[in-house]
4 protein chains.
Amino acid sequence: MPLSEEQIQNMQRKRRQILIAAATLFAEYGYEGTPVKKIAEAAGVSFGSVFTYFDNKETLFHSAVTEPLKEFEKLVEEIDPEAEDVLAELETMVSKHIRIYASMNEFLNLVTRVLTHYRKFPDTFKELDEFHERLRERVMELVVSGQNKGVLYEQDPGNVATVYTSLLMGMRLSLIDEPESSMWERLVPHVMQIFGPKH
Amino acid sequence: MPLSEEQIQNMQRKRRQILIAAATLFAEYGYEGTPVKKIAEAAGVSFGSVFTYFDNKETLFHSAVTEPLKEFEKLVEEIDPEAEDVLAELETMVSKHIRIYASMNEFLNLVTRVLTHYRKFPDTFKELDEFHERLRERVMELVVSGQNKGVLYEQDPGNVATVYTSLLMGMRLSLIDEPESSMWERLVPHVMQIFGPKH
Amino acid sequence: MPLSEEQIQNMQRKRRQILIAAATLFAEYGYEGTPVKKIAEAAGVSFGSVFTYFDNKETLFHSAVTEPLKEFEKLVEEIDPEAEDVLAELETMVSKHIRIYASMNEFLNLVTRVLTHYRKFPDTFKELDEFHERLRERVMELVVSGQNKGVLYEQDPGNVATVYTSLLMGMRLSLIDEPESSMWERLVPHVMQIFGPKH
Amino acid sequence: MPLSEEQIQNMQRKRRQILIAAATLFAEYGYEGTPVKKIAEAAGVSFGSVFTYFDNKETLFHSAVTEPLKEFEKLVEEIDPEAEDVLAELETMVSKHIRIYASMNEFLNLVTRVLTHYRKFPDTFKELDEFHERLRERVMELVVSGQNKGVLYEQDPGNVATVYTSLLMGMRLSLIDEPESSMWERLVPHVMQIFGPKH
DNA sequence: TATGAATGAGGGTTCATTCAT
DNA sequence: CATGAATGAACCCTCATTCAT
C-alpha cells in the first residue's frame, strides 16, 4: 500500500522537526551531552521515531550539521568575482557575512564543535571543509580581481582569503553580543582592512 | 607525621601528569567524551588516584583549562604599550602570538570548547574571559599610542583589539597546519593590516 | 499507539515483582546494604528495568514501604469503637494484631528500618507515622468506650494506646519465633493487661 | 622499648574516642551508611589510626555495640529477686529501665539495627541476645516471687518477662520524645499492668 | 604507632539501541 | 510507520583496605 501524499508530507515534516531540535541541542550541549530522548521531546516526536528517521545518533548528528549547510551555499554564489566595483562588492560581502555569522550563532557553535572534534566526525568535517574551500576560492578570485584593477594592495590572495574566513569564525567565537547588536555592523570597516584597500 | 619532601614532589608530579593527560584528552574528545578511566590510564595513574587529586571530573576540567593559563600571562605582560617604535612592537607581538597560538593547538581546542559551552562551564569561562580582557586592554593601549604617534590610521581602538583577538582564535580554529609550518609566519603581515599601519 | 491490555498487565506484574523483591531485600539487608542489581535479579528482571519502573533507588524504597501499607488499613478499620462488648472486641483486636504482626516479620523489619533511620527517609517516615496515628486513635476510642462502660480501669487512654502499639512493635522486634508458633497466641492475655480489664 | 604509662593512656583514650564516634554514627546512619573516614573525623583521629585500633570495619562495629553493653549489666544486677516488697521493687525497676531506655536513644538505635540485621551480624546479635536473656531471667525470678507472695496475679512468668522487655524496646522505637520529657515517667504505671499487680 | 596516599571493586544512574506490539 | 519498554554496557564516584613512610 503506497503512502498517501499527506503521509509523505507528514513524514518530511517530522524529519525536519527532528533535525532542527537536534541541531539546537547539539549546539548547546554537544554530541555526548545530548540524549536522543531530549531531541525527541524537543521535536515533539516519540522516542522511537527518531530511529525510524535516522539510523543512529551519529547519522543524525551528521545530517543536523550538513543539511543546513546547503542554505549557506548562496553565501558563496552571491559573491561576484567579476564585479566592476570590487571594493563595493567586498564591502557588501563582508557586511552580509558578518550579519549572517552573527545570526547563525547556534549553527556555528555546531560547526565549531565539529572543527574541534574533527577526528571524531571525519565525514562531517570533510563536508564542512569543502564548503569552506568553495567560499575561500570565491573570495580569492575577488581579491585577485581587485588587485588587478589596482584597488587593492598586492598581497597573497590565498592568505587573504584564509585570514578573512578565519576572522569570521573567530568573531563568532569571541563575541557574545546578540545578533541585533550594532556592534557587528561597526566591525565591517575593520574587517575590510584585511583586503588591503587603497585609501 | 608530615609527608617527606620526596613524597610531596612525587605527588606534585602525579598531579601534573593527570592534568596534562586530562588537557590532552579533553581537547581531543571533549568533556563528556572523555572518561576519567582514560585520563587515569594516560596519566599512568590508578583510577582512584584521579579523585585523590581532584574532587570530581568537573574540577579536573576547570583546573586543566585554567592552570596552564598562568603561563600565558606573559603574552600580556610582554606587550609594551609605551614602546617607541609602535609598528615594530606590533609586529613582534603579532609574530609571537601567532607562533604561540599555532603551537597551542591542543590547549586552544580546550579553550574553544569552553567558549562554545560557556553555559556549562561558567566559572571556567569567566577566567578565560578575564584573561582575554587583559590581553585586549594591552593591545588597545598600544593601538592608541600608535594612533597618537601618527603611525596608525585612526580607528576605534577597542574594535581593533576585538578584531585582533578574534582573528587569533579564528586562525587557530580554521587552520590545521602543523605549528612548524611556515604558513603561520607568512600570515603576520596580513594580520598587521588590522591595525591600519600607514604605508 | 497505546499499549495493549496484555502489555499493561505484564508491566504491572513486573512492577509488583520488583516491589516484592525490593521489600524482601531491603528488610533483610537494609537500604545501603541492598544493591539494585540484586533486586533486579531477585525480581527476574533486567537491571535497567528497575529504572523503567522507579525513578531511582530511593523512590523504590519509599514505594516498597508505603504501598503495602494500604493493605494494613483494614487493621484500623476493623476496630469497632462502638462495640457492645468492649472486652471481647479488644481481645479480638489484640489477637488479630498479634497474628498479623507475627506474619509480617519482613515488612515490619522494613518499618523498623525507617523508624531508626527517620532522618534519612523523612517522607516515608511521615506516611508510617500517619498510619500509626490512625491506629492509635481507634484504639483510644475503644478504650474510652470501655472505661465509660465500666469494664476497664480508668487510665489515660492516650497512654494506653501508645503503650499498646509500642508493645506490638517491640514484640515483633524481640521475638524471632516463626509466625506459626503458638507462642504468639499465648501472649494475647498478657497484652490485654495493658488495657486494665476489671477481673 | 616498652610504652610509657602516658602513651598507653593516650592509646586507650584514642580507642575510646573511636568507639564513641563509631557508635554515634552507626546509630544515625547505619553500618553501610557510615564511612570509616567520617568516624575518624568525628573521633578527632587520623584515618589510618582507626585501622591500628580495629582490624576492620566489622570488628569496629561489633565493639561499638558490645562494649557499652557492659555498662548495662548493672541494670540486671540491681534487680533484687528476693526483695520483700515486690511491687515496690518492680516499680523501681520499671521506672529505672524506662528512664535509661529513654536516655539511650542512640545506643538502642544501634541495638535495633543489629536485631533487624541479625543475619549480617551473628556474633554481635548473639551477645545482645545473651544480655537480653540475663535480663529476662532476673525479671522472671522477681515475678515468680511476687506471685508466690500473692501480690501478683498468676500468669506465665516467662511470658510476662518477654512482654516486658519487648515493651521496653517497642517504646524506644515508637516514641521520639526527648529523654527529658515527662512522658516517659507517666508511662510507668501502664507498664506495671503487665505484671498483673493486685489492686 | 601514626599517617594518609594508592588502589580498584562495587555502587547508582544514564542512555543508545533493539524490538515486540 | 509509531511507540516506548527492555536491556546492559559504560559512566562517575565512594570507600574499605593496604602499605610505604
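Residues numbered from 1 in each chain as written. Chains lettered and ligands numbered in written order. Predicted model: local features only at pLDDT ≥ 70, side-chain atom pairs only at ≥ 80, totals over all residues. Heavy atoms only, no water.

## Some points on the protein's contact with DNA strand F
Around DNA strand F lies a shell of 34 residues, among which B:Phe47, B:Lys57, C:Ser49, D:Phe47 and D:Lys57 are the nearest. If you look at DNA strand F and keep only atoms within 4 Å of the protein, 68% of those are sugar or phosphate atoms. At 2.8 Å from a phosphate oxygen of DNA strand F is found a side-chain nitrogen or oxygen belonging to C:Ser49. Contributing elements (two or more residues each) for the surface near DNA strand F: helix H3 (47–53) of chain A, helix H3 (47–53) of chain B, helix H1 (5–29) and helix H3 (47–53) of chain C together with helix H3 (47–53) of chain D. (Near = heavy atom within 4 Å. Polar contact = N/O pair within 3.5 Å; in protein donor to acceptor, adjacent residues only side chain to side chain. Helix = DSSP H or I, 4+ residues; strand = E, 2+ residues; numbered from the N terminus.)

## Focus: the domain arrangement of chain A
Residues and elements named next belong to chain A. Under the domain assignment used here, chain A contains domain 1 (5–64) and domain 2 (68–195). Each of domain 1 and domain 2 was reduced to a C-alpha centroid, and the two centroids are 29 Å apart. Residue-level contacts link 14 residues of domain 1 with 13 residues of domain 2. Buried surface at the junction of domain 1 and domain 2, both sides included, amounts to about 1,100 Å², of which 61% is carbon and sulfur. Ranking the residues of domain 1 by area buried against domain 2 places Ala27, Phe61 and His62 at the top, with a combined share of 49%. Its salt-bridge partner being Lys120, residue Glu32 comes within 3.1 Å of it at the nearest N-O pair. Our count for the domain 1 to domain 2 interface comes out at six residue pairs in polar contact (both at pLDDT 80 or more). At the level of elements, helix H1 (5–29) and helix H4 (57–66) are the ones that each hand at least two residues to the side of domain 1 that touches domain 2. In terms of residues, the side of domain 1 that touches domain 2 owes the most to one element, H1, which gives six residues. (Domains from an automatic or database assignment. Contact = heavy atoms within 4.5 Å. Buried area = accessible area lost by both parts, 1.4 Å probe. Salt bridge = Lys/Arg side-chain N within 4 Å of Asp/Glu carboxyl O.)

## A few points about the pattern of salt bridges
Within this structure, the stated rule accounts for 32 salt bridges over all chains. Measuring nitrogen to oxygen at the nearest pair gives 2.7 Å for the salt bridge that ties A:Arg134 to A:Glu73. With A:Arg134 in helix H8 (residues 122–148) and A:Glu73 in helix H5 (residues 69–77), this residue pair connects regions lying 61 residues apart in the sequence. In this structure, the salt-bridge partner of D:Glu133 is D:Arg136, at a minimum N-O distance of 2.8 Å.

## Quick word on the interface of chain D and chain C
Every contact between the two is made by 38 residues of chain D and, on the other side, 39 residues of chain C. Taken together, both faces of the contact between chain D and chain C bury some 3,400 Å²; the carbon and sulfur share is 62%. Area buried by chain D at its contact with chain C is led by D:Thr116, D:Leu173 and D:His190, which between them contribute 18% of it. One can count two salt bridges joining chain D with chain C. Salt-bridge contacts for D:Arg119 lead to C:Glu28; the nearest nitrogen and oxygen are separated by 2.8 Å. Mapped onto the side of chain D that touches chain C, the elements with two or more residues apiece are helix H1 (5–29), helix H7 (105–115), helix H9 (157–174) and helix H10 (183–186) of chain D.

## Quick word on the protein's contact with DNA strand E
Contacts to DNA strand E come from 33 residues, most closely from A:Phe47, A:Lys57, C:Phe47, C:Lys57 and D:Ser49. What you see for DNA strand E is that sugar and phosphate hold 68% of its atoms within 4 Å of the protein. Interatomic distance of 2.8 Å between a side-chain N/O atom of B:Ser49 and a phosphate oxygen of DNA strand E. D:Lys14 is positioned with one of its side-chain polar atoms (N or O) 3.3 Å from a phosphate oxygen of DNA strand E. Elements represented by at least two residues in the surface near DNA strand E include exactly H3 of chain A, helix H1 (5–29) and H3 of chain B, H3 of chain C together with H3 of chain D.

## Comments concerning the side chain of C:Thr112
One can find C:Thr112 in helix H6 (residues 105–116). Ignoring sequence-local partners within four residues, the contact set of C:Thr112 consists of C:Met169, C:Leu173, D:Thr112, D:Thr116 and D:Leu173.

## Structural notes on the layout of surface pockets
Approximately 900 Å³ is the volume attributed to the largest pocket. As for the largest pocket, its lining consists of 42 residues, and the residues nearest its centre are A:Leu173, A:Ser174, A:Ile176, B:Leu115 and B:Phe125. Elements that contribute at least two residues to the lining of the largest pocket include exactly H1, helix H7 (105–116) and helix H9 (157–174) of chain A together with helix H5 (69–77), helix H6 (86–103), helix H7 (105–116), helix H8 (122–148) and helix H9 (157–174) of chain B. Element by element, the count of residues in the lining of the largest pocket is highest for H8(B), at eight residues. (1 Å grid on protein atoms, 1.4 Å probe; cavity = no way out; pocket = protein on both sides within 12 Å on 5 of 7 lines; lining within 4 Å. Points joined across faces, edges and corners; volume = space filled by probe spheres on them.)

## Here's the deal with the interface of chain A and chain B
Much of the literature gives interface size as the accessible area that the parts lose upon coming together. Of the residues lining the interface, 38 residues belong to chain A; the matching set on chain B comes to 38 residues. For the pairing of chain A and chain B, the buried interface totals around 3,300 Å² over both sides, and the portion due to carbon and sulfur atoms is 62%. The tally of links from chain A across to chain B stands at 13 residue pairs in polar contact (both at pLDDT 80 or more). Residue assignment for the side of chain A that touches chain B shows that the elements contributing at least two residues are H1, H7, H9 and helix H10 (183–186) of chain A. If you tally residues by element for the side of chain A that touches chain B, the top one is H9(A), at 12 residues. For the side of chain A that touches chain B, a count of residues per class yields 16 nonpolar, 16 polar and six charged. (Nonpolar A, V, L, I, M, F, W, Y, C, P; charged D, E, K, R; others polar.)

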